[in-house]
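Residues per chain are reported as follows:
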Amino acid sequence: MKFDKLMTWKELPAGCLIDEPSTSLRFKTGDWRSMRPLWNSEKCIHCLFCWINCPDSAIKVENEKITGIDYNYCKGCGICAEVCPPKASAIEMIREEK
Amino acid sequence: MKTVAKTGNEAMAFAMKQINPDVVAAYPITPATEVVQIFSQYVADGEVDTEFVAVESEHSALSACVGASIAGGRVMTSTSSQGLALMHEILYIAAGNRLPIVIALVNRSLSAPINIHCDHSDTMGSREAGWMQLYCANSQEAYDSLIIALKVAEQTAVPAIVSTDAFIISHAMERLEVLEDSDVQNFIGEYEPRFSALDLENPKTYGPLDLQDYFFEHKRAQIDDFSKVLETYEKVAKEYAELSGRYYPALEEYKTEDADVAIFTAGSTADTAKEVVDELREQGRKVGLVRMRMWRPLPVEQIKKALTKFKAVAVMDRSDTMADFGGPVFLETRGMLYDSEEKPLITDYVYGLGGRNIKLTDIARVYDDIEQVTKAGKIEKLITYLGVRGEE
């Protein structure tokens, strides 16, 4: 599907469907956040609890290690901070305006 | 081809058996219960390969059909009246997603007051949902129309409702001719869906949120697909005529060539009206009948061509729009003829609500009335409620 410009009704695929996968990556949804997770790389034990529990794809991982938060997709739900083991406490939720 | 005796419901269930859909999800409702009751027996007896889903409501029935259709299946269901009303939300979802589901429907009044008998208020209330609508006049036509409608639906990706009149057709035994199973299968062919959720090589997103930037384009494309239904219907109906010897135009004319006046109506009443036309013709009166069989999409040009040749037309509507302006067929017919230079005087007769019997004498009275309108050159009474106590 073309995303560089808006399609006319004649260019749409049959049915109201999106005919290729992973297109949501192109749709940034992090801009309605009121709380933001702050990740501390020194405290993180890379258990990946936050990654597996994130309802979107906001936890960035490389080589099985957390590398940060992708704020383009994070809606600030706080699940990552909630599931982070208390002994590590590597993720803190702060107000977006701070 | 063999001759059998079947009610409208039996005929529709038998057509479903010969179609052998992949999935049927349904919930029983009078007077359409028998359609799925008989069909579920075919399933139990192993006469079809269908996955039969017994659900807890019509809303669920059509929702299950939507899921099965998105998965690429050939899908059918059956309902009536309140059941169609409960499906209403999902009707739009099926049509918007271009899922060619076919409903074998029995027209029954909508409550209140609660009633199980015939009028067309259920399907007329779903005119804007994006489904093709075919109104049948007898069991034979119901059987044939289901087979035709399925093929048209699948070719155009527009879902279809094929309806009969409650009890008058659904429960009346008639003689009809049915095709061989293999002929039906060859006629409808293998279903090739435009897309399938089971196509794992090509994953897609079905039913995504569609806001101000694309909703209008998607609706416009749907309207365009819908505009191709009539042409496809005519082609498929002719193919079916070659196979069966029975041709069903979108709009049927009966003894109209030299007629001055005509009744324009649908369903079993149209067949009854033919008897009246024959009787009046014997008296030398120039009366005819036009039967609307397809009411979505509207065969606009055919209706204009058929009706503009008369001096006066009486529309007979088996439902009311609650617009204080008669029934839906009347309203839309007047709209279609507005731009015609030569147009008939058009009156409306709302009749038969809740299964109120429509007699030959009632129909003869309508012909008397429109002949009078023709003589006077003007309409005295635009909308008449025919056969109701307290009305003149």
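Residues numbered from 1 in each chain as written. Chains lettered and ligands numbered in written order. Predicted model: local features only at pLDDT ≥ 70, side-chain atom pairs only at ≥ 80, totals over all residues.

**Q** Account for the confidence of the model for chain B, with residues named and values stated.
**A** Here chain B shows a mean pLDDT of 97. Residues at 70 or above account for 100%. The ipTM assigned to the predicted complex is 0.85, against a pTM of 0.93. (pLDDT = per-residue confidence, 0-100.)

**Q** Now, about the interface of chain A and chain B: what can you tell me, with residues and values included?
**A** On the chain B side, the residues contacting the 12 residues of chain A number 18 residues. The residue inventory of the side of chain A that touches chain B, partitioned by class, reads 9 nonpolar, 2 polar and 1 charged. Of the strand pairs in this sheet, strand 1 (residues 17-18) of chain A and strand 9 (residues 205-206) of chain B are connected by 2 bridges, and their pairing is antiparallel. Its bridge partner being in strand 9 of chain B, Leu17 of chain A is matched across the sheet by Tyr206 of chain B. (Contact = placed C-beta atoms within 7 Å. Nonpolar A, V, L, I, M, F, W, Y, C, P; charged D, E, K, R; others polar. Pairing = 2+ DSSP bridges. Helix = DSSP H or I, 4+ residues; strand = E, 2+ residues; numbered from the N terminus.)

**Q** Describe in detail the sheet that holds strand 3 (residues 51-54) of chain B, supporting the description with residues and values.
**A** Residues and elements named next belong to chain B. The sheet built from 7 strands is open, its strands ordered 3-2-4-5-7-6-13 with mixed pairing. Two strands lie at the open edges of the sheet, namely strand 3 and strand 13 (294-296), each paired on one side alone. Recorded for the sheet is a direction-independent mean angle of 20° between the axes of neighbouring strands. The pairing of strand 5 (residues 102-107) with strand 7 (residues 160-165) spans 6 bridges and is parallel. The residue of strand 7 that forms the bridge with Val102 is Ala160. (Axes fitted to C-alpha atoms, helices over the stretch in contact; angles between N-to-C directions.)

**Q** How would you sum up the packing of helix 1 (residues 8-19) of chain B against helix 2 (residues 33-44) of chain B? Please name residues and give values.
**A** Residues and elements named next belong to chain B. Across the interface, helix 1 lies against helix 2 with an axial gap of 8 Å and an inter-helix angle of 40°. With respect to helix 2, the element helix 1 is oriented oblique. Crossing hand, helix 1 versus helix 2: right-handed. Between helix 1 and helix 2, the residues in contact are Asn9, Glu10, Met12, Ala13, Met16 and Lys17 and Glu34, Val35, Ile38, Phe39 and Tyr42, respectively. Each residue belonging to the contact of helix 1 with helix 2 can be placed in one class, and the counts come to 7 nonpolar, 1 polar and 3 charged. (Parallel < 35°, antiparallel > 145°, perpendicular 65-115°, else oblique. Left-handed = near helix turned anticlockwise from the far one by under 90°.)

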